[in-house]
Amino acid sequence: MKNGSFSSNFSEKWQIFYGIVPLVLLGVGIPPLTRVANGWNSLGLQMQSRWERTLDLIGDDSFYLYVYGMNVWNIILYWSVGLTYLMAETSAWPKWLHRYKVQPTAVINKKRLYSLITVNLFNQLFVAVPFSIFGYYVLKFQGISPPIRELPTFLRLITTFAILISIQEIVAYYTHRMFHHRLLYKWTHKWHHEWTAPIALSSYYNHPLDHLIGNILPSTLGLSLTNAHFFTSWLWLTWATLRTLSDHSGYHVLPFLSPRRHDFHHLKFTECFGVWGPMDYLHGTETLFRASLLALTETAKKKR
């Protein structure tokens with residue numbers, strides 16, 4: 001009985017303790033969590049306010065934003081970053097940049113720059129612009145586009161980005177492999193592979209059909225499937241443009257995965273078809289690439 005009484009009293013005392021501990025933890029934990037939530041809410045309100053002021057300045061006509069706004073922004077971004085890479089490559093300045101070059105011995109053939117520039121401009125003006133007009137009317141037909149003036153929540157933005165990355169990887173992998181088929185490669189994708197050591201501005205150096213299906217479609221299909229807000233679309237396409245410029249630049253300076261993967265694809269043609277790598281891993285199309293990375297690691301170890 002005494003033991004039972006002791007056990008019962010002990011249990012009751014600890015029940016009180018167990019009841020106090022969660023209250024203490026809640027008391028300690030809720031204020032920081034509340035501050036974080038309030039911080040996000042405050043940031044969201046600031047962004048919403050700035051977004052509305054921006055739209056007051058440039059207008060909120062959806063056709064203007066999706067067609068003119070998006071294309072003008074993409075052209076400015078693409079050429080400003082691409083030409084910066086080109087000038088750095090041709091002038092060998094700044095010197096520190098050379099440390100981040102994937103193929104230190106590769107040299108640009110300046111005689112091919114004219115065709116590079118003309119193909120780029122053609123694809124931007126006569127492929128991307130008509131596609132954006134088509135895409136705009138697809139959104140109008142769907143009739144469920146989010147209100148331009150109301151920004152998506154942070155959670156919606158992050159979730160949409162995760163879906164967009166997945167869709168881009170899958171669609172880009174299979175369309176890329178399709179254009180490597182012998183019936184298509186010679187008159188389409190071979191254009192792009194004329195640059196065995198690519199530069200940033202060779203990103204859009206494609207046959208128009210290749211550019212439409214292999215470049216534009218993987219980056220935009222997800223926007224329609226997720227019913228993405230215009231702001232999300234703008235962020236995503238900005239990010240995708242910078243990513244493809246980085247992949248083709250030959251320099252690992254932007255905060256993306258190393259361009260070595262895509263550089264290897266231009267060197268060997270038969271591996272690394274995806275954007276991020278998961279599809280290449282699943283299909284076993286990165287075996288040689290991983291072997292080359294291992295060899296580079298071993299060589300670096302021997303030099304130490």
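Rules of the game
All residue numbers refer to position in the chain's written sequence, counted from 1. Only residues with pLDDT of at least 70 get local features here, since the model is predicted, and only at 80 or more are side-chain atom pairs given and counted; chain-wide, interface and lining totals rely on the full set of residues. For the side-chain quantities, the full set of heavy atoms in the structure was used; hydrogens and water were omitted. Under the DSSP-based scheme used, a helix requires at least four consecutive residues in state H or I and a strand at least two consecutive residues in state E, with every element numbered from the N terminus. The contact criterion used is simple: two residues touch if any of their non-hydrogen atoms lie within 4.5 Å. Every accessible area reported is derived by Shrake-Rupley at a probe size of 1.4 Å, with residue values counting cover from the shown protein chains alone. Note on ring pairs: Phe, Tyr and Trp rings are taken, using the six-membered ring of Trp, and paired if centres are within 6.5 Å. Classes follow the plane angle, with under 30 degrees stacked, over 60 edge-to-face and the rest tilted. Exposure is judged per residue with a 1.4 Å probe applied to protein chains only, and the accessible area is read against the type maximum: over 50% gives exposed, under 20% gives buried, and values in between give partly exposed. We define a salt bridge as a contact between a side-chain nitrogen of Lys or Arg and a carboxyl oxygen of Asp or Glu at a distance within 4 Å. Here, the term nonpolar core denotes a set of buried Ala, Val, Leu, Ile, Met, Phe, Trp, Tyr and Cys residues that are joined through side-chain atoms within 4.5 Å. Any pair of N or O atoms that falls within 3.5 Å is considered a polar contact. Within protein, one atom must be able to donate a hydrogen and the other to accept it, and sequence-neighbouring residues count only if both atoms are side-chain atoms. Candidates for patches are residues over 30% relative accessible area with no salt bridge; among them, like charges are joined within 9 Å and nonpolar side chains (Val, Leu, Ile, Met, Phe, Trp, Tyr) within 5 Å. What a helix should span is 1.5 Å times the count of its residues minus one. For every residue, the predictor reports its confidence as pLDDT, a number between 0 and 100.

A few words now on the overall build of the chain. From N to C terminus, the chain includes 10 helices and 0 strands. Traced from its N-terminal end to its C-terminal end, the chain shows the element sequence α-α-α-α-α-α-α-α-α-α. For the chain, contacts bridging at least 24 residues in sequence account for 73% of all contacts bridging at least 6. Here the chain displays about 18,300 Å² of accessible surface, and carbon together with sulfur accounts for 69% of that area.

Using the criterion set out here, one finds 26 aromatic pairs in the structure. Taking 4.1 Å as the distance between ring centres and 5 degrees as the angle between the ring planes, the aromatic pair formed by Tyr78 and Tyr204 counts as stacked. On the criterion of sequence distance, the pair formed by Tyr78 in helix H2 (residues 62-91) and Tyr204 in the loop between helix H5 (182-185) and helix H6 (208-225) is long-range, its members being 126 residues apart. Neither residue differs from the other here; Tyr78 and Tyr204 are each classed as buried. For the ring pair Trp239 and Phe256, a centre distance of 6.1 Å and an interplane angle of 50 degrees mean the geometry is tilted. With Trp239 in helix H7 (residues 230-249) and Phe256 in the loop between H7 and helix H8 (260-268), this residue pair connects regions lying 17 residues apart in the sequence.

The next subject is unusual backbone geometry. With an omega of 5 degrees, the peptide bond running from Trp93 to Pro94 counts as cis. Tracing the sequence through the fold places Pro94 in the loop between H2 and helix H3 (113-142). The phi angle at Ala92 is positive, at roughly 55 degrees, despite the residue not being glycine. Along the chain, Ala92 turns up in the loop between H2 and H3. The exposure class assigned to Ala92 is partly exposed, which follows from its relative accessible area of 43%. Positive phi values are uncommon outside glycine, yet Phe269 reaches one of about 75 degrees.

A few words now on the pattern of salt bridges. Summed over all chains, the structure comprises 8 salt bridges. Among the ionic pairs, Asp247 bridges to Arg243, the shortest N-O distance being 3.0 Å. In this pair, Asp247 and Arg243 both sit in helix H7, 4 residues apart, roughly one turn of the helix. Residue classification places Asp247 among the buried residues on the basis of a relative accessible area of 8%.

Our focus in this paragraph is the nonpolar core. Core analysis: the biggest nonpolar cluster contains 20 residues, and Leu113, Leu116, Trp195 and Ile199 have the highest contact counts within it. Listed by contribution, the elements that provide at least two residues to this core are H2 and H3. When near neighbours in sequence (up to four residues on either side) are disregarded, Leu116 contacts Trp195, Ile199, Leu201, Ser202 and Tyr205.

Further remarks concern the side chain of Glu89. Here Glu89 shows up in helix H2. A polar contact of 2.6 Å, which involves the side chain of Glu89, links it to the side chain of Lys101. Residues within four places of Glu89 in sequence aside, it is in contact with Lys101, Ala106, Ile108 and Tyr251.

It is worth spelling out a nonpolar patch on the surface at this point. Taken together, the side chains of Ile117, Leu121, Phe122, Leu125 and Phe126 make up a nonpolar region of the molecular surface, amounting to roughly 460 Å² of accessible area. The topology assignment puts Phe126 in helix H3.

Bringing H7 into the picture now. In this model, H7 (20 residues) spans 28 Å end to end at C-alpha, consistent with the 28 Å of a helix rising 1.5 Å per residue. When you tally the buried positions in H7, you get 15 out of 20 residues, the bulk of the element. Immediately downstream of H7, the backbone of Gly250 shows phi near 85 degrees, a positive value.

A word on the confidence of the model for the chain. Caution is warranted with low-pLDDT regions, since their predicted coordinates should not be read in detail. Confidence in the prediction for the chain averages 87 pLDDT; 87% of positions are at 70 or higher. Confidence scores differ between elements of the chain, with helix H1 (residues 2-58) showing the lowest mean pLDDT of 61 and H6 the highest of 97. Within the model, the stretch residues 1-19 combines pLDDT values under 50 with 0 contacts to residues more than four positions away or in other chains.

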